[in-house]
Amino acid sequence: LKMSWFWFYLPLRLLTAACLCHSIKDPTTSSQQSFKTDLFNFYHSLILADGKETTVHLLKDIPRRYYFVLEEGRALAPFTITVTPCDVPIEWSILVHKASASFLGKAARGDHDTQEVSKSQQASSMVSTIFNYKGNSVETYMGMSSHSALYMLEFLSTERDTHITVYLTTDTTSGHLYPELPMDPRIDVISTGHTTVTLTWKHSPSVLQHRENIQYCLLVNEKHNYKSLCAAETAIRSSGMKLPPTLALSLSPYLLEPQQVMILSNSELSIINRVSSGEVRQICMGTKNTYTVPNLSPSTQYYFDVFVVNLLTNASAAYTGTFARTLEEPEPKVTELKDGKVIQVVLDGKKQKFYSLQYQARHKKIQFTFQLCRGQVRVHITKNGKTVASENISGLRYFSLKGKLLDTYLVQLRSTEETNSSVKVQVSPHFHKPLFPLLPESLKIKSFSKLRTCNSVTIAWLGTQEESKYCVYKKKIEEDQVWMELRSADRCSGPESRHKSEKVLCKYFYDINLQRAVTTETIKGLDEGTLYLFDVYLFGPSGIPVRYHSKVVKTRKRC
């Protein structure tokens, strides 16, 4: 009994060597049945399933061995073995032990005696290696045997723990588990743009035969090509995220991780995985063999892998990967600024691109003026390549800068929102008469709740020490229009954009004492229980208006 347990738990290397190369010592009569049972369990726990894909987990530097037997009586029995590494390179080999099938078949059935075991082992100790491979490519061995034999597959990973898939089949007449690749499995790059790459590849024979069960899936990343879908999924998982069941994606719903975005349009399913090394995109496009990859970054090298996937089995075959570099983005157009001239710039919020303005100083002291018209804008100013100002602006903002004659200033503007923004820009010598009016400390309009009536409201706003013109406008609005009116208001537009019926009055005022530079106005003739939007425009000596922040006030329903 001790002898049988020793044989069962012996490390795989010693056990296989003993099974194949050494005679089995006669067990005692009392332990013969136990020996048969242990050998039966061992044999069937490591036998490789025929016609099924088997996942094998490998520990570093520890070999794993699997067996299969070609049946007796089959003349010229064909078989194929496909091994797919899912991460690091591995070593694997196929060994054959001739005339061992009979022995193991009897051992498994338990219908031999000790003497027969010994004679069978002594009859043939011929073990030969018929195939050996080292690497991380998908490799297939096709063999033919004219006699019964025991085959052993040995797998070893010397880099780290990993896993592989193994597929054995002895039935070459039925359909293939893996989709077939064309004679030329290369991916061709048709064209490259600043943000797109167009690819094409030859159709898989499997697509032509079983179109409804086969589809192409494309993997795009910035790191390297993957030799199998299994390897690609492992790489994404190792980045710390959970992957969908497979890239094959049967289009059934499943939950995505926070780092994943799924896009389904025009019968194409795209999944974007946010990983530390950049984006990994998965696109399944049915049976189309030409595809333009959109939304890439300019001047970036991308790697493209195409997999043909069997939707029924999730088995896949990889085309030979390729790579391409997108074109460099053209230098942004730079607009020259001129002294005293005001320009208005509209910024695209979706593209989030900088708009560039350049100015060559003709004076040592200059002043940049920015008037925010709509949205939110980021301003970045450099002088001779060095940053001198960078901030988000609101309302009217001045930057007074000192330098040398002929200093080059570059102004870059960008919308910080997804919606479009706009801003007015002016540059002038510091001593130049300002184009924009002198502003009060606040551009807010105040209303007095206690002075509201059913047909009038009273508003107030701050003035300055400079005599200026102020014009008041009113507009009826609905409750559901308030947010949109305030959000979309163009703060750079003047009264010329308003309807004449909206004008209430215009007045001049100023006060040397800023504490008393406040004016009020009671607007009458309003409807009861109605919302009104009030605007005040300030005009300076140059005539360019500055709009105060709009104020919404509702008249009383009952008086």
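With an unreviewed UniProt entry as reference, the protein is termed Protein NDNF, source organism Rynchops niger. Under Subcellular location (unreviewed entry), UniProt gives the following word-for-word description of the protein: "Secreted".

**Student:** Go over the sheet that holds strand E9 (residues 187–192) with me, naming the residues and quoting the values.
**Tutor:** Ordered by their spatial adjacency, three strands build an open sheet running E9-E10-E15, and the pairing between neighbours is antiparallel. Every other strand in the sheet has two partners, leaving E9 and strand E15 (290–293) as the edge strands with one partner each. Pairwise comparison of adjacent strand axes, ignoring direction, gives a mean angle of 25° for this sheet. Relative to strand E10 (residues 197–201), E9 runs antiparallel, the two sharing five bridges.

**Student:** I'd love a proper account of the pairing of strand E23 (residues 377–383), names of residues and values included.
**Tutor:** Among the seven residues that make up E23, five are buried, leaving the element largely enclosed by the rest of the structure. Relative to strand E26 (residues 408–415), E23 runs antiparallel, the two sharing seven bridges. Along E26, the bridge assignment pairs His380 with Gln412. Sheet topology note: the E23/strand E24 (residues 386–393) ladder contains seven bridges and is antiparallel. Bridged to Ile381 within E24 is Ala389.

**Student:** Can you tell me about the packing of aromatic side chains, naming the residues and giving the values?
**Tutor:** On inspection of all chains with the given rule, the structure shows 20 aromatic pairs. Each ring, one from Tyr216 and one from Tyr319, has its centre 6.3 Å from the other, and the planes form 70°; the classification is edge-to-face. Residue Tyr216 is found in strand E11 (residues 214–221), and its partner Tyr319 is found in the loop between strand E17 (316–318) and strand E18 (322–325); the two are separated by 103 residues along the sequence. The exposure class assigned to Tyr216 is buried, which follows from its relative accessible area of 0%. Residue Tyr319 is classed as buried on the basis of its relative accessible area, which comes to 3%. Ring centres of Tyr470 and Phe509 lie 4.8 Å apart, and the angle between their planes is 35°; on these two criteria the pair is classed as tilted. Taken together, the residues Tyr470 in strand E30 (residues 468–477) and Phe509 in strand E31 (residues 503–509) connect sequence positions 39 residues apart.

**Student:** Go over the pattern of salt bridges, please, and point to the residues and values.
**Tutor:** As enumerated under the stated definition, the model contains 14 salt bridges in all. Between Glu91 and Lys134 there is a salt bridge, with its nearest N and O atoms 3.8 Å apart. Remark: Lys134 occurs in strand E5 (residues 127–135) and Glu91 occurs in strand E4 (residues 90–98); sequence separation between them is 43 residues. Its relative accessible area of 60% is what places Lys134 among the exposed residues. Linking Asp535 and Arg498 is a salt bridge whose minimum nitrogen-to-oxygen distance equals 2.8 Å. A residue pair is termed long-range when its members are at least 10 positions apart, and Asp535 in strand E33 (residues 531–539) and Arg498 in the loop between helix H8 (482–488) and E31 qualify at 37 residues.

Thresholds applied
- Residues numbered from 1 in each chain as written.
- Predicted model: local features only at pLDDT ≥ 70, side-chain atom pairs only at ≥ 80, totals over all residues.
- Heavy atoms only, no water.
- UniProt positions renumbered as here; feature names shortened; annotations may be inferred.
- Pairing = 2+ DSSP bridges.
- Helix = DSSP H or I, 4+ residues; strand = E, 2+ residues; numbered from the N terminus.
- Axes fitted to C-alpha atoms, helices over the stretch in contact; angles between N-to-C directions.
- Buried < 20%, exposed > 50% of the residue type's maximum accessible area, 1.4 Å probe, protein only.
- Phe/Tyr/Trp six-rings, centres within 6.5 Å; stacked < 30°, edge-to-face > 60°.
- Salt bridge = Lys/Arg side-chain N within 4 Å of Asp/Glu carboxyl O.

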